[in-house]
Every structure is written in C-alpha cells, then in structure tokens.
Amino acid sequence: MYKAPRGTVDILPAEQAYYWYVETQAAEMCRRYGYGRIETPVFEEAGLFVRTIGQGTDIVEKETYTFKDRSDQEMTLRPEGTAPVCRAYIEHGMQALPQPVKLYYFASIFRYERPQKGRYRQHHQFGVEAIGESDPALDSEVIEMAWNFYAILGLNDLALYINSIGCRECRPSYIKKLKKYYSSHIDELCPQCKIRYERNPLRLLDCKEPSCQDLVDAAPKSEAGLCPECKQHFKEVLGNLKIMKVPCKKNHRLVRGLDYYTRTVFEIQPMAGGGAQSALGGGGRYDNLIEELGGKPTPAIGFAVGIDRIVLTLKEQGVELPSSEDQGIYVAYAGEKAKAEAIRLTAEMRTAGIPVHIGFGNKSLKSQMRQANNLGVSFAFIFGDDEVAKGTVVYKDMSGGDQWEVEISEVISLLTQG
Ligand code: HAM
C-alpha cells in the first residue's frame, strides 16, 4: 500500500475549513494593506536558492530537494518564497512600477527536515514581500501587519520578537567581535556550534542546546555593534511600533535561518515557547538580495507564516471558525420518472447557485433521508412518480420535519427568493 511520503500530510475536507479560513482572512487583509497576489513556480534553478539563502545554512546544506531535470539542469523545489518573488520582480521589470511593490503569496514549501508535530517536509506558507523602499515606516507597517494577522484569526498568547542584525557595512565587525568572544570558549561548544563558528558565526546565537545557553546569554549583542544609520533605522522601527501599540520584545538571539537578512528581523512565537518548531511566522529586511540576483540595489522587507502551524494553534486554542458553509439541499427520489425529474431539477438548482446533494444508486427513501440527515442539510426535495405526474414535489424541513407539496416549476424561485 502506498502512503503519503514521510513528513507530508493529506489535507482532507474537514481540515480544509481551517485552511480556507486562514487563506481568506490573509487575502482580505492583503487587500487592505495594498498587496497584490503573485504565484511563482514550485521549482526554480538550484542556484537561485544557494545564492540567496546562503551556502552555510541548514536549508541549503541539508534540506533542499534538488534534482537534475531531463536536460541535466539542476532544479530545486522551492524551500522558501522570498527569492522566487525577487527573481520575478527583476525578471518582469517591476522596478518601473510605483515603489514599494507589495506582493503576497500562498505557497507549498519543501524542506527535507526531521519530521515532527508542526514540522513537515512539505508545508504551506502565506507570505508578503514589500520591495523598493528603505523607510523604517515600511518595516513597522509590515510587522504590524504580521501581528495583526494573528489577532484577526483570533489567536492569543503570542509574543513578537525583534532584533537588528545590521547591514553589510557594520555586520562584519560585529561578527569579528562575536568570533573573538567565542574563540576562548571553543571547547565548551556543542558539535553543531563548532561548525557554526567556522561557517556561519551569527547562527551561534540561535543554538538551542542547553550547554550553549550561558555562552549565548553573555555573547556581544548585535544591537551594540550597529552603525549610526542602522541604529537610527532600528530606533525608528521601534518608535513606530510603539505608536501603533504593537507589543514587541527585543531579542538579541534572533538571527533567523536565512543569510539574506539585513537590519530588522522578527519572529512570532507562542508565549509558552515550544522549541525550534514553534515559530508561527517570521521575516525581516533583505536590502541586498535583489542586487545579489543581478537587479539594481533595491531595499525590501517581508514575512511568511506557516499555515499548518497556524491551523494547529487555532485547534489548540479552540478558536471557533465562522459557521460552516450552508450544506444546501438534498434531492431524494423513488421511481424511474421521479429520478429523471430529480436529476433535471438538481442541475437547474446548481445553475441557479444552490448547493445540492442528490441520492445515488436507487436506494430506499429511508436510506436517502438518513444520508440527508448525516450531511446536515436544512431541506430536502422528495420526488415520487405520482407527484411528478402532477408536476409537484414534496419539500421537507429537515430540522422540524414539516413538509409541503409544491409545484416543481416554482422550486427555483422558492429557493432563490427565500
Ligand atoms: P522561515 O522562518 O524559514 O522564513 O519560514 C516561515 C514560517 O514557515 C516559519 O515561521 C514557520 O511558521 C513555517 N515553517 C518553516 N518551516 C516549516 C516546516 N518544516 N514545517 C511547517 N512549518 C514551517 C522564510 O521562509 C522567509 N522566506 C520569510 C520571509 C519572507 N522573510 C522575508 N520575507
């Protein structure tokens, strides 16, 4: 028997109500903030991700699904949404549009991770990218939007963490300082951090190993190493967030797992914590990414949220979804002529926009009514050969059990005019 590949899930109709809720709320919110939807391919040239996410990152080193296509080109299943959107921004000359260009997406994301609750090999993100503006007011707007999204969904007890990791001018000297600090503690580091020390020192701050925690706590903070421009930028972002009453906490450990970030980075997590797979969303500025991909220097910022983790949290927090969709009408029949008329009227009702279920397989009326009950419909139309000969049908209220005989020719107007 085949099963869904390890780390992937089937999202069945009962779950879809949650995904539909999250996605419709996201799209409606994007409309209010002026974002247009974009869709990029599920796979891209492998180099796009190596160049942007970074060679020394977990994603590129261990997690990409990379394969050669039939023309021997290296392709990678999208392990994140930002680089493809930037590639599309350059490719379609979007720098000629009024800036910032604001784009949002829903995307399947592929990372070969160790599967566990809330961590999958194929997950789903809702993301936004605002490209072409360096004003800290855009940072705060994007962060406020992310924070607002969880409130719109009805989620509680979340924390917003923020940090600034500087720019390409000031970060090298901060990293030097960080390495100098760690150089006298190499023997105390966990095996993973020994590698990070060589390859990606900023990620030392992100370590979750208990033995490394005291070292991380005492490490030099990136905020202290910011150049005057980055310092001012961070100050304004924090000031705006205060004005907008967005409660954020500075967290000097927050560095994020992708190399393209500059200046502002942020993450949203449940207050109770919960380890590496607990982030419900995150993002930040990436002012050099477009240039690194061959475009003109173009500042940008964005975030993405894990829809699957949001669905888990909605369930954990017992958030009730708006009342489920109307299940519509059930059409039952007994007899050959009755079935033909039932089929005809079902098609007519659907054309008129009414959701309809019809019984299949010439089952008894009793079993058709049982199915109507199980489906949770409000009303049923019951066709019998005798009624059809008279041009009538029985209309039954499934909650109260009352029933009436109505003219078949009046059914559509009865349903559409209430
Ligand atoms: P990220 O933090 O790697 O950022 O992913 C965004 C969110 O996707 C995470 O906060 C988490 O909720 C969810 N997520 C990540 N990995 C998994 C997984 N294996 N299973 C389930 N959910 C997961 C990015 O991808 C950036 N592109 C965000 C961004 C947009 N930065 C700027 N613009």
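Since the model is a prediction, treat every value here as computed from it, not as a measurement. (Residues numbered from 1 in each chain as written. Predicted model: local features only at pLDDT ≥ 70, side-chain atom pairs only at ≥ 80, totals over all residues. Heavy atoms only, no water.)

## Quick word on the packing of aromatic side chains
For any pair of aromatic rings, the description rests on two quantities: the centre-to-centre distance and the angle between the ring planes.
1) Next: Under the counting rule described, the total for this entry stands at 15 aromatic pairs.
2) Next: Between Tyr104 and Phe106 the ring centres are 5.9 Å apart and the planes differ by 85°, which places this aromatic pair in the edge-to-face class. Summarising the burial analysis for this pair, Tyr104 and Phe106 share the class buried.
3) Next: By way of ring pairs, the aromatic residues Tyr104, Phe106, Phe126, Phe149, Tyr150, Phe266 and Phe303 are connected into one cluster.
4) Next: The ring of Tyr112 carries the charged tip of Arg121 above its face, separated from the ring centre by 3.8 Å.
5) Next: Across from the ring centre of Tyr18, 5.2 Å away, lies the NZ or CZ of Lys315, which sits over that ring. (Phe/Tyr/Trp six-rings, centres within 6.5 Å; stacked < 30°, edge-to-face > 60°. Buried < 20%, exposed > 50% of the residue type's maximum accessible area, 1.4 Å probe, protein only. Lys NZ or Arg CZ within 6 Å of the ring centre and 35° of its normal.)

## Comments concerning the sheet that holds strand S9 (residues 262–270)
Hydrogen bonds between backbone groups are what pair the strands of a sheet, and the pairing can be parallel or antiparallel.
1) Next: One open sheet holds the eight strands; their spatial order is S1-S5-S6-S11-S10-S9-S7-S8, and the pairing between them is mixed. Strands with a single pairing partner mark the edges of an open sheet, and in this sheet they are strand S1 (36–37) and strand S8 (248–250).
2) Next: For strand S10 (residues 281–285) and strand S11 (residues 300–306), the ladder comprises five bridges, and the chain directions are antiparallel. Looking at the pairing, Gly282 lines up with Ala304 of S11.
3) Next: Packed on one face of the sheet, helix H9 (residues 228–243) meets strand S7 (158–164), S8, S9 and S10 and runs near 160° to S7. (Pairing = 2+ DSSP bridges. Helix = DSSP H or I, 4+ residues; strand = E, 2+ residues; numbered from the N terminus. Contact = heavy atoms within 4.5 Å. Axes fitted to C-alpha atoms, helices over the stretch in contact; angles between N-to-C directions.)

## A closer look at the packing of helix H5 (residues 136–153) against H9
Pairs of packed helices are described in terms of their axes, by the angle between the two and the distance that separates them.
1) Next: Packing of H5 against H9 brings their axes to within 8 Å, and their N-to-C directions diverge by 45°. Regarding the angle of H5 to H9, the classification is oblique. The two elements H5 and H9 meet at a crossing, and its hand is right-handed. Across from Pro136, Ala137, Asp139, Ser140, Ile143 and Glu144 in H5, the residues of H9 making contact are His233, Glu236, Val237, Asn240 and Leu241.
2) Next: A class-by-class count of the residues in the contact of H5 with H9 yields five nonpolar, three polar and three charged. (Parallel < 35°, antiparallel > 145°, perpendicular 65-115°, else oblique. Left-handed = near helix turned anticlockwise from the far one by under 90°. Nonpolar A, V, L, I, M, F, W, Y, C, P; charged D, E, K, R; others polar.)

## Notes on the packing of helix H1 (residues 13–33) against helix H11 (residues 307–316)
1) Next: Interaxial distance between H1 and H11 falls to 10 Å at its minimum, and their mutual angle equals 110°. When the axis of H1 is compared with that of H11, the two are roughly perpendicular. Relative to H11, H1 is oriented so that their crossing is right-handed. Contacts between H1 and H11 involve Glu15, Tyr18, Tyr19, Tyr21, Val22 and Glu23 from the former and Ile307, Asp308, Ile310, Val311, Leu314 and Lys315 from the latter.
2) Next: In terms of residue class, the contact of H1 with H11 is made up of eight nonpolar, no polar and four charged.

## Here we look at the site of the ligand
1) Next: Near the ligand there are 26 residues, and of these Glu80, Glu113, Glu129, Tyr261 and Ala279 occur at the shortest range.
2) Next: Between the ligand and Gln125 there is a distance of 3.2 Å, counted from an oxygen atom to a side-chain nitrogen or oxygen.
3) Next: Contact distances for the ligand include 3.4 Å between a nitrogen atom and a side-chain N or O atom of Arg309.
4) Next: The fraction of the free accessible surface of the ligand (660 Å²) that becomes covered by protein chains is 96%.
5) Next: For the shell around the ligand, the secondary structure elements donating two or more residues are strand S6 (122–131), S10 and S11. (Near = heavy atom within 4 Å. Polar contact = N/O pair within 3.5 Å; in protein donor to acceptor, adjacent residues only side chain to side chain. Areas by Shrake-Rupley, 256 points an atom, 1.4 Å probe, with all protein chains shown as cover.)

## Re a nonpolar patch on the surface
1) Next: Together, Val42, Phe43 and Phe67 make up an exposed nonpolar region whose accessible area comes to about 250 Å².
2) Next: Note on placement: Val42 falls in the loop between S1 and strand S2 (43–45).
3) Next: With a relative accessible area of 37%, Val42 lands in the partly exposed category. (Patch = residues over 30% accessible without salt bridge, like charges linked within 9 Å, V, L, I, M, F, W, Y side chains within 5 Å. Salt bridge = Lys/Arg side-chain N within 4 Å of Asp/Glu carboxyl O.)

## What to know about the domain arrangement of the chain
Size of an interface, as often reported, equals the accessible area lost when the parts are brought together.
1) Next: Segmenting the chain into domains produces domain 1 (13–170 + 226–316) and domain 2 (329–413).
2) Next: A separation of 50 Å is found between the C-alpha centroids of domain 1 and domain 2. (Domains from an automatic or database assignment.)

## Some remarks on the environment of Pro136
1) Next: With respect to the helices and strands, Pro136 occurs in helix H5.
2) Next: Between the C-alpha atom of Pro136 and that of Ile301, which follows or precedes it by 165 residues, the distance is 10.0 Å.
3) Next: Residue contacts for Pro136: discarding those within four places in its chain leaves His233, Glu236, Val237 and Asn240.

## Overview of the pattern of salt bridges
Two side chains that carry opposite charge are able to pair once their charged atoms sit near each other.
1) Next: Inspection of every chain in the model, using the stated rule, returns 22 salt bridges.
2) Next: Taking the shortest distance from any N to any O, the salt bridge between Glu267 and Arg256 comes out at 2.8 Å. Of this pair, Glu267 sits in strand S9 while Arg256 sits in the loop between S8 and S9; the two residues are eleven residues apart in sequence, bridging distant segments of the chain.
3) Next: In this structure Glu267 comes out as buried when scored by relative accessible area, which is 12%.
4) Next: Judged by relative accessible area, which is 14%, Arg256 ranks as buried.
5) Next: Of the charged contacts in the structure, one is a salt bridge between Lys390 and Glu405, with a shortest N-O distance of 2.8 Å. Of this pair, Lys390 sits in helix H14 (residues 385–390) while Glu405 sits in strand S16 (residues 403–407), placing them 15 residues apart in sequence.
6) Next: By relative accessible area, which is 44% here, Glu405 ends up partly exposed.
7) Next: Shared partners join several salt bridges into a network, and the residues in it are Glu28, Arg31 and Arg32.

## A look at the sheet that holds strand S3 (residues 66–68)
1) Next: In space, the three strands of this open sheet follow the order S2-S4-S3, with antiparallel pairing throughout. The outermost strands of the open sheet, each flanked by one partner alone, are S2 and S3. Put simply, the sheet's adjacent strands are angled 35° from each other on average, direction ignored.
2) Next: In this structure, S3 lies alongside strand S4 (residues 74–77), joined through three bridges in antiparallel fashion. Within S4, the residue paired with Thr66 across the bridge is Thr76.
3) Next: On top of the sheet, helix H2 (residues 46–53) reaches S2, S3 and S4; it is set at about 80° to S2, its chief contact.

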